[in-house]
Amino acid sequence: MMNRRTLLAAAAALAPAAAIRAQTPSAPTVLTLMVPFPPGGSSDVYARAIGPIMARELGCTVIVENLPGASGSLAVAKVLARANTGDMLVVGSPTELILAPATLQSVRYKPEDFRPLAIMSRSQLALYARADLPANNVDELIGWAKANPATPLSYGSVGMGSIYHLAGDAFAEAAGVPMNHVPYKGGAPLLTDLTGGHIDMVFLPADGNMARRVASGKPKALAVTGSVRSPVFPNVPTFAETRSATRFATVDAWAGLFAPVASPDSLVQGMTRAVLTALADPNVLQQLQAQSGVPSGPQMPPAQLAAFYSAEIARYRQAIQKAKLQPA
């Protein structure tokens, strides 16, 4: 049996959590951070970095659930179905929040069904190629593709209608050569096949994770998007510096924590405070920087964050129209 001193110590330990829960009306006993891709990818790393501090701040259990499939839309739909209870959030990116509803007929939600609580990363994209591909830059890649029309290059993505599918499709059009799209259920299996030489290339974020892979020699980075070189790859040129793809441009990548618009405001406000506290923690920032390769920027105020998301929805929809992607 517990003695009086043990009971008092236990009560004291529980008091902070109880006080926090009292400040967060109807806080769930268990909060699920839904990750639309398999374990090991960037979204998974972000969720597991912020989870412990969110649990402490909310006074509840926080778990991470991975649910890949259909370009991440399965996870997003599951979170939306729990909107009224407010016990699920999604680590979302343009792929599953904006592109999937526009490119997959099976998806029934809209980007506007969600609101951002915080943006955890933003980065340029880079074009990566298998180590033994006979091209070390974009000009050589396009030249090789044009000289070998009977062997179309293959590019992978994390699913049909994903940001990386959009970038690959736009690059194939800009290069003027046919390329075969190979969709995967997440970044981990995609990188396994790229490293193993089963696909030729892929667009992915220019981040710390990929920088470590490139430093090992598998894969190699050929170019980065944007108007300036990435601090992660200072020696890798931009597409604007090439001779063959100077006008190629695509969207950037970002990831954030999102809640359904229909979730109770008081509950979402508490979760927002919790994730912002997590993103200000030095240990969490260190984990995020290790993944992204660059320091995290300051968080946007709520109005600016909402405006950013609205602008991104419009920008991606314009990119979809330009690429002439049709729902499948």
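## Side note on the confidence of the model for the chain
Predicted confidence across the chain gives a mean pLDDT of 89, with 91% of residues reaching 70 or more. In this model, residues 1–24 is a region of pLDDT below 50 whose contacts with residues beyond four sequence positions or in other chains number 17 contacts.

## Focus on the sheet that holds strand 8 (residues 201–205)
If you trace the five strands from one edge of the open sheet to the other, you get 7-6-8-5-9, paired in mixed fashion. If you trace the sheet from one side to the other, it starts and ends with strand 7 (179–183) and strand 9 (220–224), each paired once. Across the sheet, the mean angle separating the axes of adjacent strands is 30° when strand polarity is ignored. Docked against the sheet, helix 6 (residues 163–175) engages strand 5 (125–129), strand 6 (153–157), strand 7 and strand 8, running at close to 125° with respect to strand 8.

## What to know about the sheet that holds strand 3 (residues 88–92)
A sheet is described by the order of its strands in space; here five strands give the open sequence 2-1-3-10-4, paired in mixed fashion. In this open sheet, the two strands that pair with only one neighbour each are strand 2 (61–66) and strand 4 (114–123). In this sheet, adjacent strand axes meet at a mean angle of 20° when their direction is disregarded. Two strands pair when backbone bridges link them, and strand 1 (residues 30–35) and strand 3 are joined in this way by three bridges, in the parallel orientation. Residue pairing for strand 3: Thr 32 is matched across the bridge by Met 88. The strands touched by helix 2 (residues 42–58) within the sheet are strand 1, strand 2, strand 3, strand 4 and strand 10 (253–260), with strand 1 carrying the most contacts at an inclination of about 165°.

## Observations concerning the pairing of strand 7
Bridge analysis of strand 6 against strand 7 gives five bridges, and the strand direction is parallel. Looking at the pairing, Gly 156 lines up with Val 182 of strand 7. As a crossover connection, the stretch from strand 6 through helix 6 into strand 7 is right-handed.

## Re the environment of Gly 197
The topology assignment puts Gly 197 in the loop between helix 7 (187–195) and strand 8. On the basis of relative accessibility, which here comes to 33%, the residue Gly 197 falls in the partly exposed class.

Cut-off values and rules
Residues numbered from 1 in each chain as written. Predicted model: local features only at pLDDT ≥ 70, side-chain atom pairs only at ≥ 80, totals over all residues. Heavy atoms only, no water. pLDDT = per-residue confidence, 0-100. Contact = heavy atoms within 4.5 Å. Pairing = 2+ DSSP bridges. Helix = DSSP H or I, 4+ residues; strand = E, 2+ residues; numbered from the N terminus. Axes fitted to C-alpha atoms, helices over the stretch in contact; angles between N-to-C directions. Right-handed = clockwise from strand over helix to strand, strands pointing away. Buried < 20%, exposed > 50% of the residue type's maximum accessible area, 1.4 Å probe, protein only.

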